[in-house]
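Breakdown of the fold
Here is how the chains run, residue by residue.
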Amino acid sequence: MVKTRLRDFFAARQASDLPASAWRGLFLLWQWLALEFSSLGLALLSLALAVGPFGWELFQGYFAQPLIFLLNFLPVLLLQTLLWLLFGRQWLSFLVTALLILTASAGNFYKLSFRYEPFSFRDMSAVTAGLRVAGSYGLFVNSRIAAALLYPLLTTPLLALFARGRLSRRAGLALTLCLLVGAVPLWRRVYQDDKLYYYTGGESSDLIWEEQHYITRGFVYPFLFSIKTSRDIPPEGYRVEEAAALLADWQDATIPEARRVNLLVMQLESFTDLRALGFPGIDDRAYEIWDALTAESFSGRQIANVVGGGTIDTERCFLTGSYGLQTYHRDAPSYVRYLSSQGYITLGSHPNSASYYNRVNVNRFLGFDNYYFTNNYYEALTDGKWYCDDVLIPEVFRQFRELGEGDAPVLSFNVTLQGHGPYRNDGYDSDVRLFSLEGVAPTSDCVLNNYLAALYETQQLLAEEIDSLRAWEEPAVLLLYGDHNPYFSEAPVYAACGVSFDMATQDGFFRYYGAPYLIWANESAKAVLQSSFTGSAPTVSPGYLMNVLFHALGWEGSAFSQFTDTVMARLPVVSTHGAFVENGVFTTSPDEESRELLRRYEWAQFWLRDSMK
């Protein structure tokens, strides 16, 4: 009798097919359990794939905050439920849901593995191109991918055999309407809500790259949220025709063959002149090499938007000419692209992970031919050390000289790590003492001496390599600049040395955010460009540094640089902190003409990006 009832139970299509009310209730419960547990398996597999090549600690984090798990599970359950109500067959609704969820999750896994970048809604427009690109990689199958393949193969026939039930037409229609009506506020107030999204990630005010925001929330939830952010939001009042007209008067200028020189740019991590910040007790040796280079260079100061971190802000402002950090998800305009269009070989180095700040993708979007990271080059040379200028700088100059002797000119853009905090506060990294001030606590003394020792070694390495270029027959021009000032969070260094900043004044603001830069040329370049390359350079925002370099080289530059020349003439400093230099005067309240210039700046920048779609 029991066997007959079990056979009838699993063969039934609706609860009414069973004779007893107890069996009917159990039948409905079983259908819901089968639905929920099968969709739960899909959600767990999606989360397992969501960590990509990163550690399992990330997977465990999805459950440390149960809301993250719920937000990833709920859409899977709702989708499978709606498909069940539509098809009337659990196996089919599960299979379709599995194909959608696991295929997208596997795509996200492979994209993270190969590009350190998650799969978001904006990638849907490039799926075909992505499949072509995927063919160039060796797709591999690990235990997680294998589980994602086997789970639907095993679960689908089980559901077909043991979960055949469906609701009556009236009950199914009522539930479908309830789900669809409830999905509207769920979508608006949960899955597209900014506050909830940032709450689930627990972000602080520190700059964390966007891809990390995504990965820490799983896959399904951030993918749905990315629908909201899948397009660039134009500036307020933006009009395409008017924005396009802003650059109509300028064209990319051709660099004269006779004035083409090899360019080497080094953005130096946390490199600054502490004397300019007001620090007492600095030994003259600390900056004697930089002072000597400055004396034979065109030199000035750039006013960054960041202090102690946010290297990427200065870096990308320089490469693109923007005055604030932008996000990049596809090919974008840049000065790298302009120089490439002029026949330059473009490359660079950064001895850190390719995934950090998504440089591996963004540098490609900005047009670099090649870029060397820890992952693809420096790991074997540096053994993962941050303080590795002794490897990085000689290697950068070696590549530069080797390529510079070819037929095409070279742009080499490099970002160092030596000088990055934290700085040791319980001992000394070097026998050289470049700071001494009576009354300063040992921790502050250690921090300052270790910071200066790192910078001193960087200067020694630069001086040695620059000497190798002095008699080089090929014309070479170098731009060296600090990305931002150090923060010294390991000890109260600024206060201990009596250094303070009145941010309401130009002096205080410039000292706090300012870092030095210089443009140096070898004799061959000076002869080609007919310039001594000495003297004072203007104080500018990092987005104008390429303008200054183009002027020093006697180049007209790209259409965008020519346009921004007009902005720079009136507003040479534009800070994201609301401070400006307007016609030589420091202000936090620019006049109407300046605000109009900034509006044009934003519009032109957005139009260029948008036109590359």
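Our structure is the block above this text.
1. Thoughts on the sheet that holds strand 9 (residues 573-574)
What the three strands build is an open sheet, ordered 9-10-11; its pairing is antiparallel. Unpaired on one side and paired on the other, strand 9 and strand 11 (585-587) mark the two borders of the sheet. Taken together, the three bridges between strand 10 (residues 580-582) and strand 11 define a ladder with antiparallel strand orientation. In the strand pairing of strand 11, E582 is matched with V585. Set on the sheet, helix 22 (residues 506-513) makes contact with strand 9, strand 10 and strand 11; between it and strand 11 the angle comes to about 80°.

2. Things to note about empty space enclosed by the protein
Counted by the stated rule, this structure contains one cavity of 30 Å³ or more. Quantified by volume, the largest cavity comes out at close to 60 Å³. Taken together, R122, D232, T327, Y328, H329, R330, D331, A332 and R609 make up the lining of the largest cavity.

3. Examining the nonpolar core
Ranked by size, the top nonpolar core spans 65 residues in total, and within it L263, F318, F413, V477, I519, L553 and W555 carry the most contacts. Each residue touching L263, except ones within four places of it in the same chain, is listed here: L339, Y344, F400, V410, L411, S412, V477, L553 and W555. Within the second largest apolar cluster, 50 residues are counted, among which are L274, L277, F279 and Y287.

4. Describing the pattern of salt bridges
Taken as a whole and judged by the stated rule, the model has 23 salt bridges. For D194, the salt bridge is made with K228, and the minimal N-O distance between the two is 2.8 Å. Linking D194 in helix 9 (residues 194-201) with K228 in the loop between helix 11 (220-226) and helix 12 (240-246), this pair joins segments that are 34 residues apart in sequence. For D194, a relative accessible area of 37% puts it in the partly exposed group. In this structure K228 comes out as partly exposed when scored by relative accessible area, which is 37%. Of the charged contacts, one joins R511 and D507 as a salt bridge, the two residues approaching to 3.1 Å between their closest N and O atoms. Residue R511 and its partner D507 are located together in helix 22, separated by four residues, close to a single helical turn. Within the structure, one salt-bridge network assembled from shared partners comprises R239, E242, E596, R599 and R600.

5. Let's talk about a nonpolar patch on the surface
Residues L26, L29, W30, L33, F37, L158, L161 and F162 make up a contiguous nonpolar surface patch of about 740 Å² in total accessible area. Going through the elements one at a time, helix 2 (21-50) and helix 7 (143-162) are the ones with two or more residues in the nonpolar patch. In terms of residues, the nonpolar patch owes the most to one element, helix 2, which gives five residues. Tracing the sequence through the fold places F37 in helix 2. For F37, a relative accessible area of 55% gives the class exposed.

6. Quick word on the side chain of N108
Within the secondary structure, N108 is located in helix 5 (residues 90-115). By relative accessible area, N108 is classed as buried at 1%. Excluding residues within four positions of it along the chain, N108 makes contact with L49, A50, P118, F119, Y214 and F219.

7. Quick word on the packing of helix 25 (residues 559-570) against helix 26 (residues 592-610)
Each pair of packed helices can be described by the angle between their axes along with the distance between the axes. As a packed pair, helix 25 and helix 26 sit with axes 10 Å apart at the nearest point and diverge in direction by 160°. Judged on the interaxial angle alone, helix 26 and helix 25 are roughly antiparallel. For helix 25 against helix 26, the interelement crossing comes out left-handed. Of the residues in helix 26, those touching helix 25 at F560, F563, T564, T566, V567 and R570 are E593, S594, L597, R600, Y601, A604, Q605 and L608. Looking at side-chain class alone, the contact of helix 25 with helix 26 contains seven nonpolar, four polar and three charged residues.

8. Description of the layout of surface pockets
By volume, the second largest pocket is sized at about 640 Å³. What lines the second largest pocket is a set of 31 residues, and nearest its centre among them are V307, G308, G309, G310 and H420. Counted by class, the lining of the second largest pocket contains 14 nonpolar, 13 polar and four charged residues.

9. Some points on unusual backbone geometry
Most peptide bonds take the trans configuration, and most residues that are not glycine carry a negative phi. G421 connects to P422 through a cis peptide bond whose omega is 5°. Here P422 lies in the loop between strand 5 (410-415) and helix 20 (442-470). The phi dihedral of N358 falls on the positive side, at around 55°, and the residue is not glycine. Although it is not a glycine, F533 sits at a positive phi angle of roughly 55°. Looking at the secondary structure, you find F533 in the loop between helix 23 (523-529) and strand 8 (535-536). Using a relative accessible area of 3% as the deciding quantity, one classes F533 as buried.

10. Structural notes on the pairing of strand 6 (residues 476-482)
Along any regular strand the residues' side chains alternate between the sheet's two faces. For strand 6, the buried fraction is high: seven of the seven residues fall into the buried class. Residues A476, L478, L480 and G482 of strand 6 are buried on one face, and the alternating residues V477, L479 and Y481, pointing to the opposite face, are buried as well. As paired strands, strand 1 (residues 262-268) and strand 6 are joined by seven bridges and run parallel to one another. From the neighbouring strand, M266 faces strand 6, where its bridge partner is L480. As judged from the five bridges shared by strand 6 and strand 7 (residues 514-521), these two strands associate in the antiparallel manner. Across the sheet, residue V477 finds its bridge partner in strand 7, namely A521.

11. Some words on helix 14 (residues 288-295)
At 3.6 residues per turn, the α-helix brings residues three or four places apart onto the same side. Residues of helix 14 that are buried: I289, W290 and L293. Buried residues of helix 14, seen end-on, are gathered within an arc of 95° and therefore sit on one face of the element.

About the thresholds
Residues numbered from 1 in each chain as written. Predicted model: local features only at pLDDT ≥ 70, side-chain atom pairs only at ≥ 80, totals over all residues. Heavy atoms only, no water. Pairing = 2+ DSSP bridges. Helix = DSSP H or I, 4+ residues; strand = E, 2+ residues; numbered from the N terminus. Contact = heavy atoms within 4.5 Å. Axes fitted to C-alpha atoms, helices over the stretch in contact; angles between N-to-C directions. 1 Å grid on protein atoms, 1.4 Å probe; cavity = no way out; pocket = protein on both sides within 12 Å on 5 of 7 lines; lining within 4 Å. Points joined across faces, edges and corners; volume = space filled by probe spheres on them. Core = buried A, V, L, I, M, F, W, Y, C linked by side-chain atoms within 4.5 Å. Buried < 20%, exposed > 50% of the residue type's maximum accessible area, 1.4 Å probe, protein only. Salt bridge = Lys/Arg side-chain N within 4 Å of Asp/Glu carboxyl O. Patch = residues over 30% accessible without salt bridge, like charges linked within 9 Å, V, L, I, M, F, W, Y side chains within 5 Å. Areas by Shrake-Rupley, 256 points an atom, 1.4 Å probe, with all protein chains shown as cover. Parallel < 35°, antiparallel > 145°, perpendicular 65-115°, else oblique. Left-handed = near helix turned anticlockwise from the far one by under 90°. Nonpolar A, V, L, I, M, F, W, Y, C, P; charged D, E, K, R; others polar. Arc of directions from axis to C-beta.

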